[in-house]
Amino acid sequence: MSFVRIALVTVPLILFLGIVSGAVAGSGSSNPWFASLAKPAAMPPDWAFPVAWTLLYIVIGLALALVVGARGAGGRGIGIGLFVVQFALNLAWSPVFFAGHAIGAALAIILLMIVTTVATILAFARIRPRAAALMLPYLAWICFAAWLNHSIETLNPNAGTLAPAPSSAQVQL
């Protein structure tokens, strides 16, 4: 299979799964719980997150396509496996943070994501150095996201209790 054919599968798949994870979790500033949290001064504007994640998912999808297309390359299976693990952690982060309101658990997930992304980059570098290079902006962003996660946790020690009360359809007389 050519790189283009593989990329026509990997890029939309990675992008779709990332979007679904965020949508299912209710991620973003429209989430009432998240909107109520104190945020660090370095927090990017709301529009930056979907733009950044869309670009990053496209780029890591291309990186994966390069490695998938490296038939017969030593360590290819390990590289793909590490990519799958770090991406599964990526997909788990939004539901844990935005839907579960578990900032500490989300921080643990993103730290594991950083470790497995570094391992993925090292494995990709042995297979296709360009694939490893394509993963670097993603690594930088998730390191920044980990700092944001930690900062939000520090600024909101009781964040789990800030969940909005469920609305009731009952009328009190």
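Right above here is the structure, for reference.
Bear in mind the structure is a predicted one, so any value in this text is a computation, not a measurement. (Residues numbered from 1 in each chain as written. Predicted model: local features only at pLDDT ≥ 70, side-chain atom pairs only at ≥ 80, totals over all residues. Heavy atoms only, no water.)

K.L.:
Can you help me understand the overall build of the protein chain in this one?
P.N.:
Tallying secondary structure elements over the protein chain gives six helices and zero strands in all. Over its C-alpha atoms, taken along the principal directions, the protein chain stretches across nearly 70 × 30 × 25 Å. For the protein chain, buried positions account for 41% of its 173 residues. For the protein chain, long-range pairs separated by at least 24 residues make up 79% of all intrachain contacts whose partners lie at least 6 apart in sequence. Only carbon and sulfur atoms are counted for the fraction: they give 72% of the accessible area of the protein chain, which is about 9,200 Å². (Helix = DSSP H or I, 4+ residues; strand = E, 2+ residues; numbered from the N terminus. Buried < 20%, exposed > 50% of the residue type's maximum accessible area, 1.4 Å probe, protein only. Contact = heavy atoms within 4.5 Å. Areas by Shrake-Rupley, 256 points an atom, 1.4 Å probe, with all protein chains shown as cover.)

K.L.:
Sorry if this is basic, but what is going on with unusual backbone geometry here?
P.N.:
Negative phi values dominate among residues other than glycine, just as trans dominates among peptide bonds. The phi angle at histidine 101 is positive, at roughly 55 degrees, despite the residue not being glycine. Looking at the element boundaries, histidine 101 is found in the loop between helix H4 (76-99) and helix H5 (103-127).

K.L.:
Teacher, can you tell me more about the packing of aromatic side chains here?
P.N.:
Here a ring pair, both rings aromatic, is described through the centre-centre distance and the interplanar angle of the planes. According to the stated counting rule, one finds 15 aromatic pairs in the structure shown. The interplanar angle of 75 degrees and the centroid separation of 4.9 Å between the aromatic rings of phenylalanine 97 and phenylalanine 98 together place this pair among those described as edge-to-face. In this structure phenylalanine 97 comes out as buried when scored by relative accessible area, which is 1%. Among the residues examined, phenylalanine 98 registers a relative accessible area of 8% and is labelled buried. Among the aromatic residues, those joined into a ring-pair cluster are Phe49, Trp53, Tyr57, Phe83, Phe87, Phe124, Tyr138, Trp141, Phe144 and Trp147. Taking NZ or CZ as reference, lysine 39 lies 4.4 Å from the ring centre of phenylalanine 34, over its face. (Phe/Tyr/Trp six-rings, centres within 6.5 Å; stacked < 30°, edge-to-face > 60°. Lys NZ or Arg CZ within 6 Å of the ring centre and 35° of its normal.)

K.L.:
I tried to follow the nonpolar core on my own but got confused; where do I start?
P.N.:
The biggest cluster of nonpolar side chains holds 49 residues, and the ones touching the most others in it are Phe34, Ile60, Phe83, Trp93, Phe97, Phe124 and Met135. In terms of residue count, helix H6 (residues 129-155) provides more of this core than any other element does, 11 residues in total. Among residues more than four places away in sequence, those in contact with phenylalanine 83 are Ile14, Ile60, Leu64, Thr120, Phe124 and Met135. (Core = buried A, V, L, I, M, F, W, Y, C linked by side-chain atoms within 4.5 Å.)

K.L.:
Looking at this model, I keep getting lost on H6. Mind explaining?
P.N.:
Helical geometry note: an α-helix holds 3.6 residues per turn, so side chains three or four residues apart project in the same direction. Compared with the 39 Å implied by 1.5 Å per residue over 27 residues, the 39 Å span of H6 between its first and last C-alpha is a close match. At leucine 136, H6 shows its maximal bend, which comes to roughly 25 degrees, and the proline proline 137 appears one to four places after that position. (Expected span 1.5 Å × (residues − 1). Bend = angle between axes of the 7 residues up to and from the residue.)

K.L.:
I keep staring at the side chain of threonine 10 and nothing clicks. Help me out?
P.N.:
One can find threonine 10 in helix H1 (residues 3-25). If we skip the residues at most four places from it in the chain, threonine 10 touches Gly61, Leu64 and Ala65.

K.L.:
Would you mind going over the packing of H4 against H6 with me for this structure?
P.N.:
For any two helices packed against each other, one specifies the inter-axial angle together with the distance between the axes. Following both chains from N to C, one finds H4 and H6 inclined at 30 degrees, their axes separated by 13 Å at the closest point. When the axes of H4 and H6 are compared, the pair comes out roughly parallel. Seen along the crossing, H4 lies across H6 with a hand that is left-handed. Across from Phe83, Gln86, Asn90, Trp93 and Phe97 in H4, the residues of H6 making contact are Met135, Tyr138, Asn149 and Ile152. Partitioned by chemical class, the residues of the contact of H4 with H6 number six nonpolar, three polar and no charged. (Axes fitted to C-alpha atoms, helices over the stretch in contact; angles between N-to-C directions. Parallel < 35°, antiparallel > 145°, perpendicular 65-115°, else oblique. Left-handed = near helix turned anticlockwise from the far one by under 90°. Nonpolar A, V, L, I, M, F, W, Y, C, P; charged D, E, K, R; others polar.)

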